[in-house]
Amino acid sequence: RKKCIRISTGSKQLDAALNGGFQTMSINEVYGEFRCGKTQLAHTMAVITQLPREMGGAEGKVAYIDTEGTFRPERIMEIAERFGVDPDQACENIAYARAQNTEMQAELLDGLAANFATNEYRLLVIDSVMSLYRTDYSGRGELSERQQVLGQFLRRATQMAEEFNLVVLMTNQVMSDPGASALFAGADGRKPAGGHILAHASTTRLLLRKGRGEERVAKIVDSPDCPEREATYIITTGGITD
Ligand code: ATP
Ligand code: MG
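Since this is a predicted model, take the numbers as computed values, not measurements.

J.: Help me out: how do you make sense of the sheet that holds strand E4 (residues 61-66) in this one?
T.: Strand pairing in a sheet is mediated by backbone hydrogen bonds. Such pairs are either parallel or antiparallel. Read across the open sheet, the nine strands follow the order E5-E4-E6-E7-E3-E10-E11-E12-E13; overall the sheet is mixed. Strands with a single pairing partner mark the edges of an open sheet, and in this sheet they are strand E5 (94-98) and strand E13 (239-241). If you compare each strand with its neighbour and ignore which way they point, the axes differ by 25° on average. Sheet analysis places strand E3 (residues 26-32) next to strand E7 (residues 167-172), joined by six bridges and oriented parallel. Bridge pairing in E7 links Glu29 to Met170.

In structure tokens:
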């Protein structure tokens, strides 16, 4: 039986709130308003995953599906320097792909099975999971079709997380919705995109928001083994930290 591993977020506080970081064999969803650090967290974890276990890593490679064109190798190199790893090597250990539409997003995921079969990978980033579904299925009356296709994608991602012992890290946008269901709404009446299908697929959900000054706040919204609690973090040149 495969042993599940926890991978650090870069912030000790946030790791503590998550009982040691994000777990392999599960889907972890990070959502929040723009510039709260979702993409920065994805970059930070893309480096930390490569580190030895005693540094919070998993000695693993990373697959990165980018739907918004916000992946920056220069950021990977800066974060690599923080942890004392070779910047070029850090980039080489990331299998990067840009998805332009939902069909491509699903095809890329399928294609990664060959990479994952090597058992060298421990992190799959999807930044962001919903943006292309929202543009490809934006018409009236397309929501149920969207949710069906999204469900297929999420089932495949869940299956891969379990089969290949991966942390799946999905970022998600918030929709402004004054009438948002109390189940998902943050204090500001925003809720993550994707509806119940995504809510059910995510093992752990983290709501990010801006705090005082440079501070950011992460709230664990939905976790099988952590209480609802908050942690603060900051974004630096070296990525997410305390
Ligand atoms: P969006 O919803 O628009 O995708 P996001 O949650 O992905 O937003 P990020 O791109 O992760 O947001 O975070 C952007 C923030 O990260 C910027 O506001 C900036 O403050 C910070 N940031 C980016 N690069 C650096 C850096 N090199 N040093 C310090 N802070 C940085
Ligand atoms: Mg982003």
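J.: For this particular structure, what's the right way to read the pairing of strand E12 (residues 230-236)?
T.: Taken residue by residue, a regular strand's side chains alternate between the two faces of the sheet. Relative to E12, strand E11 (residues 216-222) runs antiparallel, the two sharing four bridges. Note that in E12 the partner of Arg216 across the bridge is Tyr233. As paired elements, E12 and E13 share three bridges and run antiparallel to each other. In the sheet register, Ile234 faces E13, and the bridge partner there is Thr241. Here E12 folds back onto E13 in antiparallel fashion, the turn holding two residues.

J.: Which parts of the structure should I look at to understand the pattern of salt bridges?
T.: Between side chains of opposite charge, pairing is possible as soon as their charged atoms come close. With the rule as written, the count across this model stands at seven salt bridges. In this structure, the salt-bridge partner of Glu78 is Arg75, at a minimum N-O distance of 2.5 Å. Placement of the pair is Glu78 and Arg75 together in helix H3 (residues 73-82), with a separation of three residues, close to one helical turn. Judged by relative accessible area, which is 14%, Arg75 ranks as buried. Glu230 is the salt-bridge partner of Arg209, the closest N and O atoms lying 3.0 Å from each other.

J.: Is there a simple way to think about the nonpolar core in this case?
T.: Soluble, globular proteins show a tendency: their nonpolar side chains are buried together. Membership of the largest hydrophobic core comes to 37 residues, with the highest contact counts inside it found for Phe22, Leu169 and Leu206. Counting residues per element, this core draws most heavily on helix H2 (residues 38-48), which supplies six residues. What Phe22 contacts, discounting residues up to four positions off in sequence, is Ile5, Arg6, Ile7, Thr9, Asn28, Val30, Leu41, Met45, Val167, Leu169 and Leu206. Judged by nonpolar contacts, the second largest core, of 29 residues, contains Ala99, Leu150, Leu166 and Leu198.

J.: Can you walk me through H2 in this structure?
T.: One turn of the α-helix equals 3.6 residues, which is why residues spaced by three or four share an orientation. Among the eleven residues in H2, eleven count as buried, and that is most of the element. Inspection of H2 places Lys38, Thr39, Gln40, Leu41, Ala42, His43, Thr44, Met45, Ala46, Val47 and Ile48 among the buried residues, and these make up the whole buried set.

J.: Could you clarify how one ought to interpret the side chain of Ser131 in this entry?
T.: Considering the arrangement of structural elements, one finds Ser131 in helix H6 (residues 131-136). Among the residues examined, Ser131 registers a relative accessible area of 11% and is labelled buried. Engagement of the side chain of Ser131 in a polar contact is seen with the side chain of Ser128, the distance being 3.1 Å. Excluding its chain neighbours within four sequence positions, the residues that come into contact with Ser131 are Thr67, Glu68 and Gln173.

J.: Just to check I follow, could you spell out the site of ligand 1 for this structure?
T.: In the vicinity of ligand 1, 15 residues are found, and the nearest of them are Arg35, Gly37, Lys38, Thr39 and Gln40. At 3.3 Å, a backbone N or O of Cys36 approaches an oxygen atom of ligand 1. For ligand 1, an oxygen atom lies 2.8 Å from a polar atom in the side chain of Thr39. Summarising the interface, the protein chains cover 69% of the accessible area of ligand 1, which totals 650 Å² for the free molecule. Secondary-structure elements contributing two or more residues to the shell around ligand 1 are H2, H3 and E12. With three residues, the top contributor of residues to the shell around ligand 1 is H2. A class-by-class count of the residues in the shell around ligand 1 yields three nonpolar, five polar and seven charged.

J.: Explanation requested: unusual backbone geometry in the structure shown.
T.: Across the chain, the bulk of peptide bonds are trans and the bulk of non-glycine residues have phi less than zero. With omega at -5°, the peptide bond leading from Asp127 into Ser128 counts as cis. Within the fold, Ser128 resides in the loop between strand E6 (121-127) and H6. Non-glycine residue Glu59 carries a positive phi angle of around 45°. Position of Glu59 among the secondary structure elements: in the loop between H2 and E4. Of note in the backbone geometry, Asn165 takes a positive phi value of approximately 55° without being a glycine. Structurally, Asn165 can be placed in the loop between helix H7 (143-163) and E7.

Calculation criteria
Residues numbered from 1 in each chain as written. Chains lettered and ligands numbered in written order. Predicted model: local features only at pLDDT ≥ 70, side-chain atom pairs only at ≥ 80, totals over all residues. Heavy atoms only, no water. Pairing = 2+ DSSP bridges. Helix = DSSP H or I, 4+ residues; strand = E, 2+ residues; numbered from the N terminus. Axes fitted to C-alpha atoms, helices over the stretch in contact; angles between N-to-C directions. Salt bridge = Lys/Arg side-chain N within 4 Å of Asp/Glu carboxyl O. Buried < 20%, exposed > 50% of the residue type's maximum accessible area, 1.4 Å probe, protein only. Core = buried A, V, L, I, M, F, W, Y, C linked by side-chain atoms within 4.5 Å. Contact = heavy atoms within 4.5 Å. Polar contact = N/O pair within 3.5 Å; in protein donor to acceptor, adjacent residues only side chain to side chain. Near = heavy atom within 4 Å. Areas by Shrake-Rupley, 256 points an atom, 1.4 Å probe, with all protein chains shown as cover. Nonpolar A, V, L, I, M, F, W, Y, C, P; charged D, E, K, R; others polar.

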